[in-house]
Amino acid sequence: MSKPITTIGIIGTGAMGRGIAQIAAEAGLRVKLHDTREDAVSEAQTFINKIWTRGVEKQRFSQARADEMISLLEEARTLEAMAECDLVIEAIVERVDAKQALFKQLEQILAEHAILATNTSSLSVTEIASACTRPERVIGLHFFNPVPLMKIVEVIPGVKTNPEVTEAAEALGQRFGHFTARTTDTPGFLVNHAGRAFGTEALRILSEGVTDHVTIDRLLKDQGDFRMGPFTLLDLTGLDVSHSVMESIYHQYYQEPRFRPSPLTGQRLAAGLLGRKSGEGFYRYDNGQAVLPEEPTAPSAKPMPVWISAEDTNANRALASMVEAAGWELEAGNTPSDKALCLLTPYGEDTTDCALRQQLNPARCVAIDMLAGLNKRRCLMTSPVTLAVVRDAAHALFSHDGMPVSVINDSTGFVLQRVVACIVNVGADIAQQRVAEPVIIDRAVELGLGYPWGPLAMGEHYGSQRILTILENLLAATGDPRYRPSPWLRRRARLGIPLNVTSA
């Protein structure tokens, strides 16, 4: 098991296989390529050669270097030609039986020191290895597409994997220049597990009629600093892929409520609304570009007196400064006048409950999400009885300086609060289950999902106690165990210790 890895085999030369081949050759390894489809290997070699030719043209490396890398790519016409390989990684169809059958064949061909690696994104490494005579040399190496650009690989030992195999796999990933995230063999591993909250909670918000998918995307992109909104991401990935992954992880975790999918994706999949690849998903596409509606314009409204809830001192102070800067009258005192616009700043509550709890008239109340502050897109939330004149006045007030404003219907926890709290909660539970170390969780999610922070660092950014409050209020209001706080989060929030530091 300790023999250095100098030659690797890759079986399956689609997007993943050719991407792994490219980075392996760039790392100076001899690469043997095999595919059951005729001409697939030559197509992969041509594809990779074109990338290296562009690299020479852009002066990223010399022609001599490109020629050297090209010489490292060899076609293996039969599995027997893999006999010299120190490691073979499969990137074939995502079926346990197919991977098991392949590994059983390879066991008869490879030397005893050789490692069998699977690039599975969702299947159990332990189950794949169970068909092998020597399961201790089987490991998961899950790369992300496109492999050369996504600088992360999950290293997943099965239950019987030899520690030397795990260390060798990690060293190989690092030689490729990738961040190696060691994770346990659990459904979704680390990155796909951590990504469950972003899309499923957004779908839940949409299904509740809180607002439309465009507004949800705008809020999470502009307020939450996500690279793209969840519905843009679902369209990019394709519902034929996303829906099956959501259902698979949900059922693999025995219907864990935190991962519950939405009926919306099944309905849209049946209708053929896959996303970009079908020309229409949540958005319609024209020449590959999403057709977006115009941003709603702020209504013209006469200023009215403004009263601000004092429950959150920092929010009260920030809102008061904004009201004064807009030149609107600011009411002082513990109770508002009958003519005031009442501003509330709830966390995990809806406008209705927050107003009634403070013995305010819900018809004159509008809530604002202060989780991300006032220097980004602002989100206002009305109660079912908020007067139109009050709603429009609030919209005009918060738009006075040109900042975009989104107005949504009553929801326990706005949009950003709900999605962020669920992301942090799932990340905390991954840490609780010891799937990976906190620092690994955060870095892997940043690289694999493109979030502005990893889930635990996100909890620290917004405040773990505030995240806990949002979840507790969501759980109390809905009774849905989806929102039950992770013990990891609850203990650390109450003790005031960081979420992203390993401790007992």
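Residues numbered from 1 in each chain as written. Predicted model: local features only at pLDDT ≥ 70, side-chain atom pairs only at ≥ 80, totals over all residues. Heavy atoms only, no water.

A closer look at the overall build of the chain
A count of helical and extended segments in the chain gives 20 helices and 15 strands. Principal-axis analysis of the C-alpha atoms gives the chain an extent of 85 × 50 × 40 Å. Looking at the chain as a whole, 55% of its 504 residues are labelled buried. Restricting the contact set of the chain to residue pairs at least 6 apart, pairs at least 24 apart contribute 70%. Here the chain has roughly 21100 Å² of accessible surface; of this, 50% comes from carbon and sulfur atoms. (Helix = DSSP H or I, 4+ residues; strand = E, 2+ residues; numbered from the N terminus. Buried < 20%, exposed > 50% of the residue type's maximum accessible area, 1.4 Å probe, protein only. Contact = heavy atoms within 4.5 Å. Areas by Shrake-Rupley, 256 points an atom, 1.4 Å probe, with all protein chains shown as cover.)

Digging into the sheet that holds strand S5 (residues 115-118)
Pairing in this open sheet of eight strands is mixed, and the strands run S3-S2-S1-S4-S5-S6-S7-S8 from one edge to the other. A strand with exactly one partner marks an edge of an open sheet, and here the two such strands are strand S3 (73-75) and strand S8 (179-182). With direction set aside, neighbouring strand axes in the sheet form an average angle of 25°. Where strand S2 (residues 30-34) and S3 come together, three bridges link them in parallel fashion. Looking at S3, one finds that Lys32 is bridged to Glu74. Relative to S8, helix H6 (residues 163-175) is tilted by about 155°, and along the sheet it contacts strand S4 (87-90), S5, strand S6 (138-143), strand S7 (152-157) and S8. (Pairing = 2+ DSSP bridges. Axes fitted to C-alpha atoms, helices over the stretch in contact; angles between N-to-C directions.)

A word on helix H2 (residues 40-57)
With 18 residues, H2 should reach 26 Å at 1.5 Å per residue; the first-to-last C-alpha distance of 26 Å fits that figure. Within H2, burial applies to Ala40, Val41, Ala44, Gln45, Ile48, Ile51, Trp52, Gly55 and Val56. Considered in projection along H2, the buried side chains sweep an arc of 155° and stay on one side of the axis. Relative to its buried face, H2 has exposed residues pointing more than 90 degrees away, namely Lys50 and Glu57. Packing partners of the buried residues in H2 comprise helix H1 (15-26), S2, helix H3 (63-71) and S3. Once H2 ends, the next one or two residues include Gln59, with phi positive near 60°. (Expected span 1.5 Å × (residues − 1). Arc of directions from axis to C-beta.)

Things to note about the domain arrangement of the chain
We note that the domain assignment places domain 1 (7-182), domain 2 (192-290) and domain 3 (306-408) within the chain. Summarising the inter-unit geometry, the C-alpha centres of domain 2 and domain 3 are found 30 Å apart. In terms of surface lost to domain 3, no three residues of domain 2 exceed Leu219, Asp222 and Gln223, which account for 64% of the buried area on that side. Taken together, the links from domain 2 to domain 3 amount to two salt bridges. A salt bridge links Lys376 to Asp225; the shortest N-O distance between them is 2.6 Å. Our enumeration of links across domain 2 and domain 3 arrives at four residue pairs in polar contact (both at pLDDT 80 or more). Grouping the amino acids of the side of domain 2 that touches domain 3 by side-chain chemistry returns two nonpolar, three polar and three charged. (Domains from an automatic or database assignment. Buried area = accessible area lost by both parts, 1.4 Å probe. Salt bridge = Lys/Arg side-chain N within 4 Å of Asp/Glu carboxyl O. Polar contact = N/O pair within 3.5 Å; in protein donor to acceptor, adjacent residues only side chain to side chain. Nonpolar A, V, L, I, M, F, W, Y, C, P; charged D, E, K, R; others polar.)

Here we look at the pattern of salt bridges
Tallied over the full model, the rule gives 32 salt bridges. Taking the shortest distance from any N to any O, the salt bridge between Lys3 and Asp86 comes out at 3.2 Å. Of the two residues, Lys3 is situated in the segment before strand S1 (7-11) and Asp86 in the loop between S3 and S4; the sequence distance between them amounts to 83 residues. By relative accessible area, Lys3 is classed as partly exposed at 43%. Residue Asp86 is classed as buried on the basis of its relative accessible area of 2%. Measuring nitrogen to oxygen at the nearest pair gives 3.7 Å for the salt bridge that ties Glu75 to Arg77. According to the relative accessible area criterion, Glu75 is partly exposed, its value standing at 37%. Since its relative accessible area comes to 69%, Arg77 is described here as exposed. When salt bridges with common partners are traced through the structure, they connect Glu201, Arg204, Glu208, Arg260, Arg418, Asp480 and Arg482 into a single cluster.

Some details on the layout of surface pockets
Its boundaries defined by the atoms lining it, the largest pocket holds a volume of some 1400 Å³. Along its surface, the largest pocket is lined by 38 residues, and Phe144, Asn192, Leu233, Thr237 and Val241 are the ones closest to its centre. Looking at the lining of the largest pocket, the elements that each hand over two or more residues are S6, helix H7 (191-194), helix H8 (196-207), helix H10 (230-237), helix H11 (239-252) and helix H17 (438-449). Put simply, the second largest pocket is a space of about 230 Å³. (1 Å grid on protein atoms, 1.4 Å probe; cavity = no way out; pocket = protein on both sides within 12 Å on 5 of 7 lines; lining within 4 Å. Points joined across faces, edges and corners; volume = space filled by probe spheres on them.)

Details of the UniProt feature "domain: 3-hydroxyacyl-CoA dehydrogenase C-terminal" (unreviewed entry) in the chain
Here the UniProt-annotated "domain: 3-hydroxyacyl-CoA dehydrogenase C-terminal" (unreviewed entry) positions come out as residues 188-285 and 413-495. Segment residues 188-285 splits into 57% helix and 1% strand. End C-alpha atoms: 30 Å apart. For residues 413-495, helix accounts for 73% and strand for 0%, while the C-alpha atoms at its two ends are 24 Å apart. (UniProt positions renumbered as here; feature names shortened; annotations may be inferred.)

Some remarks on the side chain of Ser464
Looking at the element boundaries, Ser464 is found in helix H19 (residues 464-478). When sequence neighbours within four positions are dropped, the list of residues in contact with Ser464 reads Gly459, Leu489, Ala493 and Leu499.

Some details on empty space enclosed by the protein
For the structure on display, the rule yields one cavity of 30 Å³ or more. Reported here for the largest cavity is a volume of approximately 50 Å³. Forming the boundary of the largest cavity are Ala197, Glu201, Arg258, Cys422, Asn425, Val426, Leu471, Arg482 and Tyr483. Residue assignment for the lining of the largest cavity shows that the elements contributing at least two residues are H8 and helix H16 (416-432). The greatest single-element share of the lining of the largest cavity, amounting to three residues, is contributed by H16.

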